[in-house]
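Residue strings, one per chain:
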Amino acid sequence: MNISRRAISAVMTRNVCLVSVEQTARDALALMQSHTVSSVLVVEHGMILGIITERDIVRVLHRNGKLNALSCVDLMQSPVITAPATTSCLDAYHLMAGRAIRHLAVTDKAGHVLGIASEGDVMRNFGIEYYMNFKDVASVMSTEFCRAPLAAALADALEQMVEKHQSCVVAVDEQGRPAGVLTERDAVRLWSEEVQPRRVAVCDAMHAPVMTVKPRKRLHAAVKSMEEAHVRRLVVVDDHGVACGLLTHHEIARGLEGDYATYLKEIVELQARSLQQAAQAIDEKLLLANILRSVTGTALLASDLDFRISYATPSVAQVLGLRMEEVGGTDIRETLRGAGWQDVYHLLNAAAVARGAQHYLAEIACGRTDFQVSRLIDGQNVPRGYLVLAQKA
């Protein structure tokens, strides 16, 4: 994958919007609006103290709407996750995914900000190989998304966005067809207009018309249409025009998690060749296993075709609340149901996974969790088992 070898400094945004600790939340909001950006960094003496994003504005608007009395320090999230400029794009995205964040500050050795990278920045630089792996929109779209009737109160829509950690709400008519979209960026606009969420309907706050796409559309064509229209999301509709999914930068970028093991294998191969130790070659599988065990924030479970678990990373304890010593050899579906995923038997089966990598959101004992389920394929393209990647949503 081309994206795996490219440094994050090549795709990051260099013109970063900055505010000082003395400035107000209103100053930050005005900066976001004037530059049409999703975040600003709070700095002091050139050092990053925090970040303010559109999602923070949504939380305040949902809570009480009183942003005027807040300073940037009151509103910001801290600490800010950073990465060196030499970090690869794939490693940078994996860091964002593992920390459940959408922005990464890029810094020099002294900790001074050089730029900021978002999921969208990474997504726009995927190589063509990525889009060939995911053939259509259905392979990466999310079927779990927020929707609201046109007459619903704006406050109710904001509450959905906050509780479900979503970037938008799809406004639908009585037949379930999309009529508009309410986004985090709209929340920034609405706050500046001093809108009172409980007195405004979704239909009066959303923007329309909404761009739609069919599940069978080629992913690269859908991404191209997003770029040409300068939009960050498409609503997926079925043959009857009913909203059935959502395609955003987040869903597209999330597919990288499925390619991360392949990327790690490439690293192992490069390292093995550079060592030139043909007689005492390090076992590639051993190296890959150790790298996978070191990955934090993402739990990995692999099984054979009979659903018996053959491999698991230690992070299953952190992400899924499972004990490593009790996982090996058990039925992967029963194990995941024991962790709290009640619908796993219905969703993890040969027919569902045969259509490509599937994404699901489930409320388990450890909290809301994002699952990616796919097949394990050998070198001859023969299915050998199942792979489950889990992250806290």
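Structure first, text after, so check above.
Residues numbered from 1 in each chain as written. Predicted model: local features only at pLDDT ≥ 70, side-chain atom pairs only at ≥ 80, totals over all residues. Heavy atoms only, no water.

Draft legend 1. Spatial organisation of the packing of helix H3 (residues 54-63) against helix H8 (residues 154-163). Where H3 meets H8, the axes come as close as 9 Å, and the angle between the chain directions of the two elements is 135°. As judged from the angle between their axes, H3 and H8 are oblique. Two packed elements cross with a definite hand, and for H3 against H8 that hand is left-handed. Contacts between H3 and H8 involve Val 58, Arg 59, Leu 61 and His 62 on the former and, on the latter, Ala 155, Leu 158, Glu 159, Met 161 and Val 162. Classifying every residue of the contact of H3 with H8 gives six nonpolar, one polar and two charged. (Axes fitted to C-alpha atoms, helices over the stretch in contact; angles between N-to-C directions. Helix = DSSP H or I, 4+ residues; strand = E, 2+ residues; numbered from the N terminus. Parallel < 35°, antiparallel > 145°, perpendicular 65-115°, else oblique. Left-handed = near helix turned anticlockwise from the far one by under 90°. Contact = heavy atoms within 4.5 Å. Nonpolar A, V, L, I, M, F, W, Y, C, P; charged D, E, K, R; others polar.)

Draft legend 2. Expanded view of the sheet that holds strand E3 (residues 47-53). Strand order in the open sheet made by the three strands is E1-E2-E3, with mixed pairing throughout. Two strands bound the open sheet, and with one partner strand each, they are strand E1 (18-20) and E3. Neighbour to neighbour, the strand axes of the sheet diverge by 35° on average, direction disregarded. As paired elements, E1 and strand E2 (residues 39-44) share three bridges and run parallel to each other. When the bridges of E2 are listed, Ser 20 appears paired with Val 43. In the packing of helix H2 (residues 25-35) onto the sheet, contacts are made with E1, E2 and E3, and the angle to E2 comes to roughly 135°. (Pairing = 2+ DSSP bridges.)

Draft legend 3. Local environment of helix H5 (residues 89-99). Restricting attention to buried positions, one finds in H5 the residues Cys 89, Leu 90, Ala 92, Tyr 93, His 94, Met 96 and Ala 97. At the N-terminal boundary of H5, the capping side chain belongs to Ser 88, with an oxygen 3.1 Å from the backbone nitrogen of Asp 91. (Buried < 20%, exposed > 50% of the residue type's maximum accessible area, 1.4 Å probe, protein only. Polar contact = N/O pair within 3.5 Å; in protein donor to acceptor, adjacent residues only side chain to side chain.)

Draft legend 4. Up close: helix H9 (residues 184-192). Buried within H9 are the following residues: Glu 184, Asp 186, Ala 187, Val 188, Leu 190 and Trp 191. Contact partners of the buried residues in H9: H2, H3, H8, strand E9 (178-183) and helix H10 (202-205). Of the residues that open H9, the one with a side-chain oxygen 3.3 Å from the backbone nitrogen of Arg 185 is Thr 183. Positive backbone phi, at 55°, marks Glu 194, one or two positions downstream of H9.

Draft legend 5. Structural view of the pairing of strand E8 (residues 168-172). Counting buried positions over the five residues of E8 gives five, a clear majority of the element. Neither face of E8 is exposed, since Cys 168, Val 170 and Val 172 on one face and Val 169 and Ala 171 on the opposite face are all buried. Both strand E7 (residues 146-149) and E8 contribute to a ladder of four bridges, which runs parallel. Across the sheet, the residue bridging to Arg 147 is Val 170, located in E8. With respect to chirality, the unit in which E7 leads through H8 into the neighbouring parallel E8 is right-handed. Following E8, the chain reverses through five residues before pairing antiparallel with E9; Gly 176 in that reversal takes a positive phi of roughly 85°. (Right-handed = clockwise from strand over helix to strand, strands pointing away.)

Draft legend 6. Region of interest: the nonpolar core. Grouped together as the largest cluster of nonpolar side chains are 37 residues, with contacts concentrated most on Ile 52, Leu 67, Leu 154 and Leu 182. Once residues lying within four places of it in the same chain are set aside, the contact partners of Ile 52 are Ala 28, Met 32, Ser 38, Ser 39, Val 40, Val 42, Cys 72, Leu 75 and Met 76. Judged by nonpolar contacts, the second largest core, of 27 residues, contains Leu 301, Ile 332, Leu 336 and Leu 348. (Core = buried A, V, L, I, M, F, W, Y, C linked by side-chain atoms within 4.5 Å.)

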